[in-house]
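Observations on the model geometry
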Amino acid sequence: MTDAPRPEARAPRGFVDRRARDVAAERRILADVCAVYERYGFEALDTGALEYADALGKFLPDADRPNEGVFALQDDDEQWMALRYDLTAPLARFVAQHWESLPKPFRRYATGTVWRNEKPGPGRFREFTQCDADTVGSARPEADAEIIAMAAEGFAAAGLPAGAYSLKINSRKLLNGLMTRAGVTVEGQKLAVLRAVDKLDRLGPDGVRLLLGEGRLDESGAFTKGAGLAAAAAEAVLSFTAAGGGSRAEVLSRLADVVGGSAEGDEGLADLAAIDMALTRMGVGEDLAMIEPSVVRGLEYYTGAVYEAELNLSMTDDAGQPVRFGSVGGGGRYDDLVARFTGQPVPATGFSFGVSRLAAALRAAGRETAARARGPVVVIAFDQAHMGEYFAAAAELRAAGIAAEVYLGSSGMRPQMKYADRRLSPAAVILGGDEIAAGLVTIKDLDLGRQLSSGVTDNAAWRAERPGQVQAPRAQLVAAVRAIVEAGA
RNA sequence: GCCGCCUUAGCUCAGUUGGUUAGAGCGCUAGAUUGUGGAUCUAGAGGUCCUCGGUUCGAGCCCGAGAGGUGGUACCA
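Residues numbered from 1 in each chain as written. Chains lettered and ligands numbered in written order. Predicted model: local features only at pLDDT ≥ 70, side-chain atom pairs only at ≥ 80, totals over all residues. Heavy atoms only, no water.

In terms of regular secondary structure, chain A is built from 18 helices and 20 strands. For a compact globule of 489 residues, the expected C-alpha radius of gyration is about 23 Å, and chain A comes in at 29 Å, more than 25% above that figure. With the C-alpha coordinates aligned to their principal axes, the bounding extent of chain A is approximately 95 × 55 × 55 Å. Per-residue burial for chain A yields a buried fraction of 45% across its 489 residues. Contacts spanning at least 24 positions in sequence make up 71% of the contacts within chain A whose residues lie at least 6 apart. A total accessible area of about 24500 Å² is found for chain A, and carbon and sulfur atoms account for 51% of it. Averaged over its 55 positive side-chain charges, chain A has a centre that lies 4 Å from the centre of its 66 negative ones. (Helix = DSSP H or I, 4+ residues; strand = E, 2+ residues; numbered from the N terminus. Rg over C-alpha atoms; globule rule 2.2 N^0.38 Å. Buried < 20%, exposed > 50% of the residue type's maximum accessible area, 1.4 Å probe, protein only. Contact = heavy atoms within 4.5 Å. Areas by Shrake-Rupley, 256 points an atom, 1.4 Å probe, with all protein chains shown as cover. Lys, Arg positive; Asp, Glu negative; His and termini not counted. Charge placed at Lys NZ, Arg CZ, Asp CG, Glu CD.)

Below, the discussion takes up the nonpolar core. Y37, F155 and F351 are the most contacted members of the largest nonpolar core, which has 74 residues in total. Here the element with the most residues in this core is helix α4 (residues 141–158); it accounts for nine residues. Listed in part, the 29 residues of the second largest apolar core include V378, V379, I380 and A472. (Core = buried A, V, L, I, M, F, W, Y, C linked by side-chain atoms within 4.5 Å.)

Taken together, 48 residues lie near RNA strand B, and R13, R422, N459, R463 and Q469 sit nearest. When the atoms of RNA strand B within 4 Å of the protein are grouped by moiety, sugar and phosphate amount to 46% of the total. Residue R116 places a side-chain N or O atom 3.2 Å away from a sugar or linking oxygen belonging to RNA strand B. Here a base oxygen of RNA strand B sits 2.9 Å away from a polar atom, N or O, in the side chain of D434. Broken down by secondary-structure element, the contributors of at least two residues to the surface near RNA strand B are α14 (413–422), α15 (433–438), β19 (440–445), α16 (446–453) and α17 (459–465). Among the residues making up the surface near RNA strand B, the classes are represented as 17 nonpolar, nine polar and 22 charged. (Near = heavy atom within 4 Å. Polar contact = N/O pair within 3.5 Å; in protein donor to acceptor, adjacent residues only side chain to side chain. Nonpolar A, V, L, I, M, F, W, Y, C, P; charged D, E, K, R; others polar.)

Okay, the packing of aromatic side chains next. The final tally for this structure, using the stated rule, is eleven aromatic pairs. Judged by centre distance (5.2 Å) and plane angle (70°), the ring pair of Y407 and Y419 falls under edge-to-face. Note that Y407 is positioned in the loop between β17 (404–406) and α14 and Y419 in helix α14, a separation of twelve residues in sequence. Given a relative accessible area of 9%, Y407 falls into the buried group. Directly above the ring of W99 sits K104, whose terminal nitrogen or CZ lies 4.7 Å from the centroid. Of note, R107 hangs over the ring of F42, and the distance from its end group to the ring centre comes to 4.5 Å. (Phe/Tyr/Trp six-rings, centres within 6.5 Å; stacked < 30°, edge-to-face > 60°. Lys NZ or Arg CZ within 6 Å of the ring centre and 35° of its normal.)

What follows covers the pattern of salt bridges. Applying the stated criterion to the full structure yields 22 salt bridges. Residue D271 pairs with K173 through a salt bridge whose shortest N-O separation is 2.9 Å. Placement of D271 in helix α10 (residues 263–281) and of K173 in helix α5 (residues 172–182) is noted, with a sequence separation of 98 residues between them. Of the charged contacts in the structure, one is a salt bridge between D276 and R248, with a shortest N-O distance of 2.7 Å. Here R248 lies in helix α9 (residues 248–259) and D276 lies in helix α10, a separation of 28 residues in the sequence. Of the two residues examined, D276 and R248, each falls in the buried class. (Salt bridge = Lys/Arg side-chain N within 4 Å of Asp/Glu carboxyl O.)

Let us look at the confidence of the model for chain A. The share of residues in chain A with pLDDT of 70 or more is 90%, and the mean pLDDT across the chain is 87. Considering each helix and strand of chain A separately, the mean pLDDT is smallest for strand β13 (residues 322–323), with a value of 56, and largest for strand β1 (residues 43–44), with 97. (pLDDT = per-residue confidence, 0-100.)

Compared with the 28 Å implied by 1.5 Å per residue over 20 residues, the 29 Å span of helix α1 (residues 20–39) between its first and last C-alpha is a close match. Regarding α1, the residues found buried are D22, A25, E26, I29, L30, V33, C34, V36 and Y37. Summarising the axial view, the buried residues of α1 lie within an arc of 155°, below the 170-degree limit, and thus occupy one face. Projecting away from the buried face of α1 at angles above 90 degrees are the exposed residues R27 and R39. Directly after α1, the chain includes G41, whose backbone phi takes a positive value near 90°. (Expected span 1.5 Å × (residues − 1). Arc of directions from axis to C-beta.)

Attention shifts here to a positive patch on the surface. Positive charge collects at one region of the surface, where R414, K418, R422, R463 and R466 lie side by side. Element by element, the count of residues in the positive patch is highest for α14, at three residues. Within the secondary structure, R463 is located in helix α17. (Patch = residues over 30% accessible without salt bridge, like charges linked within 9 Å, V, L, I, M, F, W, Y side chains within 5 Å.)

A separate point is the pairing of strand β5 (residues 106–115). β5 sits mainly inside the fold: seven of its ten residues count as buried. Note: β1 against β5, two bridges, orientation parallel. By the bridge assignment, E43 is partnered in β5 with R108. (Pairing = 2+ DSSP bridges.)

Our next topic: the sheet that holds β19. Taken together, five strands build an open sheet; the order of strands is β17-β16-β18-β19-β20 and the sheet is mixed. At either end of the open sheet lies a strand with only one pairing partner, and these are β17 and β20 (469–473). Sheet twist, expressed as the mean angle between neighbouring strand axes with direction ignored, is 25°. Here strand β16 (residues 377–379) runs beside strand β18 (residues 427–430); their pairing, made up of two bridges, is parallel. Pairing of V379 across the sheet is with V429, part of β18. (Axes fitted to C-alpha atoms, helices over the stretch in contact; angles between N-to-C directions.)

Pasting the structure below:
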């Protein structure tokens, strides 16, 4: 060894390691959600993890700093590339690139890892998995309704019980109509109003009122500058956000009183009415998908309907503190994204599942189906001279569809049993010299032993008893192991 | 980005007014038990006391700066 400083064994912040149990849970969610997407007639599309930065560029938070928000690197030819931060921007690029040859409307789904170079927080990572479905090339509100219905079905397929989640729908056009109504014309002020409206569920009407006016001082001591609206304008905004609750038709009727009459407001109302009709005919209930005027979503590219999925589960963390899960999915209509490449306006709408967050939510809610990852049957490496016997036994088990492995360490029998225990193995196969000479095999049922061990206090007795241990003719290895594995499954 | 708190073994943490070789519990590796998981006992491995600078005869401890972590907040395509 040299004197070079040893590296610290740690994952970069915001990146998590997942073990078998979590991997299995996420895979299952992905498979179930993708099956729903395919049933709705969406085709799979996979694109690379890197895109040229200019293909992502316009909607970065700050176009002057290409490394902010995304992980970027420079290629040999000095072009900037960046890891994708979502699956929508790559879709827009793909559609623009292959527009001539695609069936239109183009319906595609995609799953994959995305990366965001920002400060991680509770339930917020710099690398996570998304699962998207989008329809490109249809301006019909029914395209939005279909996406919403499919999202609702996707959550059910992932294992969320009815009532545990809801989809909240709004329209950017309504929000724009609201701006007209409240007399907000300056662009910066519009953004401030939208951000304030978006916080209704967390801060309540009073907190939003402060943000619409001068600003708000939060409990950490940080001050958020407000939108600077006059009192009357602020109340108009608040009456808009208060219009939620009840059936979709009821909310629409209330909203018509606030934003009806402005061109954009009327357009938004018509869109949402069409979505409501389609949802109703597809059997999506009022308690599952509702119109919620305070939903805003991101500020950059949405142009029409927006949707957000929220969890209604209440849960606590290890310390007993209530856990707040952010949205577990969302989407909306983005009619200008493809036009960046082609100059031609192409309407599009889509939804994205936050798979990692959904898996965490299911785990916290105790609804995880892949409760634990069982280990393989362990063939004990008893004697160097008989290694061939062990590999032959493992091969027989594998051929019969039973996960099996030969212990590959050099420890004695006791550590090997500990190893099998820790792997949650269903059984250990013991082929010592005695067994081989007698044409037998000893099989230890580890699940049964785990149960019996709780009643034993004396180690000598525990060892003498050899709980859960059976002998069988060597020729019946597979049948005997199968009986034990299936009993424990 | 802004505000607060924190940083000593793999984990959770002690560490006296600044004093010699920095500790505990858990975990890990093994032995007791020559072929058996739990419990018990025993032994062992494991440390740039976050980093740099300063004060001091002497710093894990005091001072300054920085880094990292964490919790809010901002932002969240």
